[in-house]
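What the coordinates show
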Amino acid sequence: MQNSAKFIVIEGLEGAGKSSAVALVKQLIENAGHSLVTTREPGGTPMAEAIRDCVKQHWVDETVTIEAELLLMYAARAQLLHNVILPAMAQGHWVLGDRHDMSSQAYQGGGRGVDNAMLKALRDITLKNFRPDFTLYLDVEPSEGLKRARGRGELDRIEHEHLDFFVRTRQRYLALAKADRHCAIIDTMQTMENVHQQIRHEISLFLAA
Ligand code: T5A
């Protein structure tokens, strides 16, 4: 029997509403009769969670270089892919990821200005041909997303970047999402109820395909 396990990813800026989207999509997929494993990036394994702490924390008297941040994101992704995502899918479980490679393309590529050749090389090494079956990109205006993130608690190292950084990151996200036929764009500048309605619609289309 063919293994039809799928990898679904939720992407978006801080405050886009990924956490509640993950909970909703999990429920929808499980209601459709599939067993599901949820992950997050960076993170999802003991070592990748340590990398997450490392990239999110404020370092006193030390600048985190663009190169170090980039390599840490891919190191965490390699751990998660080989130790969690691929084994789960091999056993027939669907996997739902809170962020994946599109985050590196958007934050490191768009936000930090890492060139596409470098990103492609790292993606080829880390993921080879592995790609999500479906991505929900939750679009939010950066100032609104940061306002929501601030309301949720203390900002981490990346969230302390200037607004410009998030504007560039969002521009790259939108370009990537529009070019990807396996990606749906969700407008989150609306009530949570409307956002969830859009998500339900997109997931039902994906499940019916
Ligand atoms: N990163 C990550 C990279 O730079 N490169 C990479 O390759 C990867 C994988 C990870 C950081 O690392 C960076 C990106 C990030 O900076 P994270 O914690 O995983 O950090 O991600 P964040 O985006 O920081 O997580 P947030 O919790 O801020 O975002 P969410 O999950 O999208 O937001 P959520 O759901 O917690 O919502 C935040 C608040 O907004 C409210 C919610 O109730 C909540 O209080 N909210 C709304 N309010 C009104 N209307 C709506 N429509 C709302 N939607 C949510």
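Anyway, here's the lowdown on the structure attached to this text. All values derive from a computational prediction rather than experimental measurement. (Residues numbered from 1 in each chain as written. Predicted model: local features only at pLDDT ≥ 70, side-chain atom pairs only at ≥ 80, totals over all residues. Heavy atoms only, no water.)

1. Considering the nonpolar core
By size, the foremost hydrophobic cluster in this structure holds 52 residues, and its most contacted members are I10, V25, I85, Y107, L136, I199 and I203. Sorting elements by how many residues they give to this core places helix 3 (residues 66-90) first, with 8 residues. By size, the runner-up hydrophobic cluster in this structure holds 5 residues, among which are L70, Y74, L119 and L122. (Core = buried A, V, L, I, M, F, W, Y, C linked by side-chain atoms within 4.5 Å. Buried < 20%, exposed > 50% of the residue type's maximum accessible area, 1.4 Å probe, protein only. Helix = DSSP H or I, 4+ residues; strand = E, 2+ residues; numbered from the N terminus.)

2. Looking at the sheet that holds strand 1 (residues 7-12)
Taken together, the 5 strands give an open sheet; going across it, the order is 2-3-1-4-5, and neighbouring strands pair in parallel fashion. Looking at which strands have only one partner, the edges of the open sheet turn out to be strand 2 (36-40) and strand 5 (183-187). Averaged over all pairs of adjacent strands, the angle between their axes in this sheet comes to 20 degrees, without regard to strand direction. Here strand 2 pairs with strand 3 (residues 94-98) via 5 bridges, running parallel. By the bridge assignment, V37 is partnered in strand 3 with V95. Across the face of the sheet, helix 4 (residues 101-111) comes into contact with strand 1, strand 4 (134-139) and strand 5 while running at roughly 25 degrees to strand 1. On top of the sheet, helix 8 (residues 192-208) reaches strand 1, strand 3, strand 4 and strand 5; it is set at about 165 degrees to strand 5, its chief contact. (Pairing = 2+ DSSP bridges. Axes fitted to C-alpha atoms, helices over the stretch in contact; angles between N-to-C directions. Contact = heavy atoms within 4.5 Å.)

3. Some remarks on the environment of V195
Relative to the helices and strands, V195 resides in helix 8. Sequence separation between V195 and G17 is 178 residues; the distance between their C-alpha atoms is 8.9 Å. Leave out the neighbours within four places in its chain, and V195 touches I186, D187, T188 and Q190.

4. Some points on the pattern of salt bridges
With the rule as written, the count across this model stands at 14 salt bridges. Its salt-bridge partner being D156, residue K56 comes within 3.0 Å of it at the nearest N-O pair. Of this pair, K56 sits in helix 2 (residues 46-56) while D156 sits in the loop between helix 6 (142-152) and helix 7 (163-179), and the two are 100 residues apart along the sequence. Its relative accessible area of 12% is what places D156 among the buried residues. One salt bridge connects R112 with E161, and the closest N-O pair in it is separated by 2.9 Å. In this pair, R112 sits in the loop between helix 4 and helix 5 (116-127) while E161 sits in the loop between helix 6 and helix 7, placing the two residues 49 residues apart along the sequence. The exposure class of R112 is buried, given its relative accessible area of 17%. (Salt bridge = Lys/Arg side-chain N within 4 Å of Asp/Glu carboxyl O.)

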